[in-house]
Every structure is written in structure tokens, then in C-alpha cells.
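# Structural features, examined
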Amino acid sequence: MNNFGYLRAGAVAEAVQAGTTPQVRYLAGGTNLLDLMKYGVEQPVALVDLNRLPLRTIEEHAGGLRLGALATNAETAYDARVAARYPLLASTILAGASAQLRNAATNGGNLNQRTRCVYFYDAAAACNKRVPGSGCAALGGLNRGHAILGTSAQCIATYPGDMAVALAVLEARVRVAGPNGERVIALADYHRLPGDEPWRDNTLQPGELVTAIDLPAEDFTQHYTYLKLRDRLSYAFALVSVAVVMRLEDDGSIAEARIALGGVAHKPWRVPAAEALLRGQRPAPEAFGAAASRLLAGAVGQGGNDFKMELAHRAIVRACQQAAAGTPQSQTDKHIQ
Ligand code: SF4
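Residues numbered from 1 in each chain as written. Predicted model: local features only at pLDDT ≥ 70, side-chain atom pairs only at ≥ 80, totals over all residues. Heavy atoms only, no water.

Side-chain alternation along strand 3 (residues 46–49) places Ala46 and Val48 on one buried face and Leu47 and Asp49 on a second face that is also buried. In this structure, strand 1 (residues 5–8) lies alongside strand 3, joined through four bridges in parallel fashion. Opposite Arg8, over in strand 3, you have Asp49 as the bridge partner. Sheet analysis places strand 2 (residues 24–27) next to strand 3, joined by four bridges and oriented parallel. (Buried < 20%, exposed > 50% of the residue type's maximum accessible area, 1.4 Å probe, protein only. Helix = DSSP H or I, 4+ residues; strand = E, 2+ residues; numbered from the N terminus. Pairing = 2+ DSSP bridges.)

Before going further, it helps to examine the environment of Thr106. Mapping Thr106 onto the fold places it in the loop between helix 6 (99–104) and helix 7 (107–112). Note on Thr106: relative accessible area 4%, which makes it buried. For Thr106 and Asn51, which are 55 residues apart along the polypeptide, the C-alpha to C-alpha distance reads 10.0 Å. Those residues in contact with Thr106 that lie beyond four places of it in its chain are Ala28, Gly29, Ala69, Leu70, Ala71, Thr72 and Asn73. (Contact = heavy atoms within 4.5 Å.)

For the chain, the assigned domains read domain 1 (5–51) and domain 2 (224–325). Taking only C-alpha atoms into account, the centre of domain 1 sits 36 Å from that of domain 2. (Domains from an automatic or database assignment.)

Read across the sheet, three strands follow the order 9-10-11 without closing on themselves; strand pairing throughout is antiparallel. A single partner strand is all that each edge strand has here, and the edge strands are strand 9 (223–229) and strand 11 (254–262). Averaged over neighbouring strand pairs, the angle between their axes works out to 10° when direction is ignored. Packed on one face of the sheet, helix 12 (residues 307–325) meets strand 9, strand 10 (240–248) and strand 11 and runs near 30° to strand 10. (Axes fitted to C-alpha atoms, helices over the stretch in contact; angles between N-to-C directions.)

Moving on to the site of the ligand. In the vicinity of the ligand lie 15 residues, with Cys117, Cys127, Cys136, Cys155 and Ile156 positioned nearest. Looking at side-chain class alone, the shell around the ligand contains 11 nonpolar, three polar and one charged residues. (Near = heavy atom within 4 Å. Nonpolar A, V, L, I, M, F, W, Y, C, P; charged D, E, K, R; others polar.)

With seven of nine residues buried, strand 10 lies mostly within the body of the structure. Sheet topology places strand 9 next to strand 10; seven bridges connect them, and they run antiparallel. Bridging across to strand 10, Lys228 finds its partner in Ser241. Of the strand pairs in this sheet, strand 10 and strand 11 are connected by eight bridges, and their pairing is antiparallel. Each bridged residue has a counterpart across the sheet, and for Val242 the counterpart in strand 11 is Leu261.

Glancing now at the side chain of Thr225. Inspection of the secondary structure assignment puts Thr225 in strand 9. When its relative accessible area of 0% is taken as the criterion, Thr225 is described as buried. Of the polar contacts made by the side chain of Thr225, one reaches the backbone nitrogen of Gln329; its length is 2.7 Å. Those residues in contact with Thr225 that sit more than four places away from it in its chain are Leu88, Val242, Ala243, Val244, Ala319, Gln322, Ala323, Thr327, Pro328 and Gln329. (Polar contact = N/O pair within 3.5 Å; in protein donor to acceptor, adjacent residues only side chain to side chain.)

Put simply, helix 11 (residues 285–295) and helix 12 touch, their axes get as near as 9 Å, and they point 135° apart. In terms of their interaxial angle, helix 11 and helix 12 are classed as oblique. Seen from above, helix 11 lies across helix 12 with right-handed handedness. Note on element contacts: helix 12 touches helix 11 through His313, Ile316, Val317, Cys320, Gln321 and Ala324, opposite Pro285, Phe288, Gly289, Ala292, Ser293 and Leu295. A breakdown of the residues in the contact of helix 11 with helix 12 according to their chemical character gives eight nonpolar, four polar and no charged. (Parallel < 35°, antiparallel > 145°, perpendicular 65-115°, else oblique. Left-handed = near helix turned anticlockwise from the far one by under 90°.)

According to the stated counting rule, one finds two aromatic pairs in the structure shown. Look at Tyr39 and Tyr121: their rings are 5.6 Å apart centre to centre, the planes differ by 85°, and that puts the pair in the edge-to-face class. Note that Tyr39 is positioned in the loop between helix 2 (33–38) and strand 3 and Tyr121 in the loop between helix 7 and helix 8 (163–170), a separation of 82 residues in sequence. Each ring, one from Phe120 and one from Tyr121, has its centre 5.4 Å from the other, and the planes form 85°; the classification is edge-to-face. Assigned by exposure class, Phe120 and Tyr121 land together as buried. Here a set of aromatic residues connected by ring pairs shows up, and it is made of Tyr39, Phe120 and Tyr121. (Phe/Tyr/Trp six-rings, centres within 6.5 Å; stacked < 30°, edge-to-face > 60°.)

This is how it looks when you write it as C-alpha cells:
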């Protein structure tokens, strides 16, 4: 590991000022950043430690909840208000990582975690995300876990997180502080597709720092599910995951459905046109299958991950059925309902 400087920030403004220097990185839980430093992928000139900043509270805000960026994943998932009003989010967080990691990992860090593409972590491999212009070893290489949607000729990596998939259907908003003040980014606009700049995971500008995640007042406590399919039943990233929230009319037809996919793209994947297909429909496999086909339109396999297209289609139908029936996926017994 290279030598690096260290600053313990006492105020958000102090952190932002220090964070505008190139190759300075913000440190919160460190559960991804420190690994990246050990692999030599990240070689910061300095770390700005955020852990003394007053960003750890979870509080009522505008009818919803404001999740502090430094609240840990465990604190968030087990917060009684989150569990009661946003059970999808609690369930989704508990599907991620391990208990030990969730005790350390923060909400802000979870949003900003980087891809787990093996070539990104291998300093000897070609990787446009790590070294722009060096190529992409995953194209024609080991790409079983890679993206099938929104890829580019530069990069086929996936965004690895779970929490953001739930936040996508809840339509959360990300609050950031930066050199030009504060701004709010819709979750849908927070992560980005690789395009010609695969080294940019999200739309943060230099020096910007996540301070909170705002959950809207609208919650979904009856019809929701997070279905995560992976190689191991815990401590594994999603091959495909599906977050669904739904609202049903009194006659049982679908008033509103929102669906987001994880493990298939460089960002949580939502297609409003697919969700619109379900409005007014009876909750039935045929309708969910049509929505799944629309969600996956344009999907392209890379060889090793071709199976994801069929897996994703089936997972979408299954997750929609669970949400409509009010039988959310359990993250503790791990059996698919
Ligand atoms: Fe790098 Fe992206 Fe290619 Fe993986 S998929 S090797 S992260 S450029």
C-alpha cells in the first residue's frame, strides 16, 4: 500500500474543501475503499475521514425519512421506522453482504461502492474503468457476473449493490454537499451507464459528498419484495435481483407497479414503459411476463452471462407474483417463496 495523508474532518465544509484535491478519497466505513487500496486499485494521496461528521441520524423529514449518510446499513435496516414504513428497504439491506460488514458499511458508502468485476481488482489486467484506454479484459473473458443491459464497448461491469435497487423503486433522493453548495439528485440519476467514460460510476462532481438519502412520504407496506439470486445464500453479490413495489385497487387490479433490477447493468435498471404495461392489469404471470420482456428489451449476453437473460425474466415474474400476493421474499430463511 502506498503512503497517504489523513485528515479527520470536523465539519462537512472542511471535508468538501479537502475533497476537491485530486486523488483525495472520503473514508466512511471503508469496507470497499480499503480493499481497493490493498489491491492497488485506489492510490489516494490522502483520506478524509468522515466519521466524526454529524451525518449518522435517521429522522423524520417532509413526511418521509432522512437517512444520514453515515448511518450504518445495520442501523438503517433495524431502525423501527424504516422496518415499519419501508420494509422493502430493510429487507434489501439485509440481503447484502454479511452482518459484520453491515455493522461497518454506511449508507453513503453503499451507494458509492464500486464494481466487483475481477479485472477491475487485478492491476495486471486491462480495464478501462481502472486505467482509461487500457481495454476491457471482461469482453471475451470471465464475464459470468457482468451486465446484459446498458453496456458499452468500453465496459460491461455491473453496479454491485442491493440497497440502491430498493431506493430506485422507492424513488429516493440523494442529498450531496459540494464546492458549489448543496444539491439533490434523484436516485435514478445518481448512478450512470459506462458509455465512453466507464471510470465514472455516478454523477457526483469532484469534491461532492453524500450527506443523506431522503425517502419520500409514499411508502409500500403491503405489496413489495426483493428477490436476490446469487451463487451462495449469503455474502454474495446478486447475479440478478429484483425489487418490486405495487399498489392494488380494491378490485385487485394493479394501480401502480415499480420494478428495478440489480446485477444486470451499471446502475439499478428501471423502465417506466414496462411498468406502464401493468397498470390496470390483473396480477397474473402473463402480464408480468410481458412487463419482464419489455424491461429486458435490448439485453445482450457476453457469453458467460447469457443465462442471465432467462434468469432475469423468470425472476421478474416471480418477484411480481410475490409482491402482488403480499408474500415478500424472506431474507432470513432464504427459500424462494
Ligand atoms: Fe474494467 Fe469494466 Fe471491463 Fe471490468 S467490465 S474489465 S470494470 S472495463
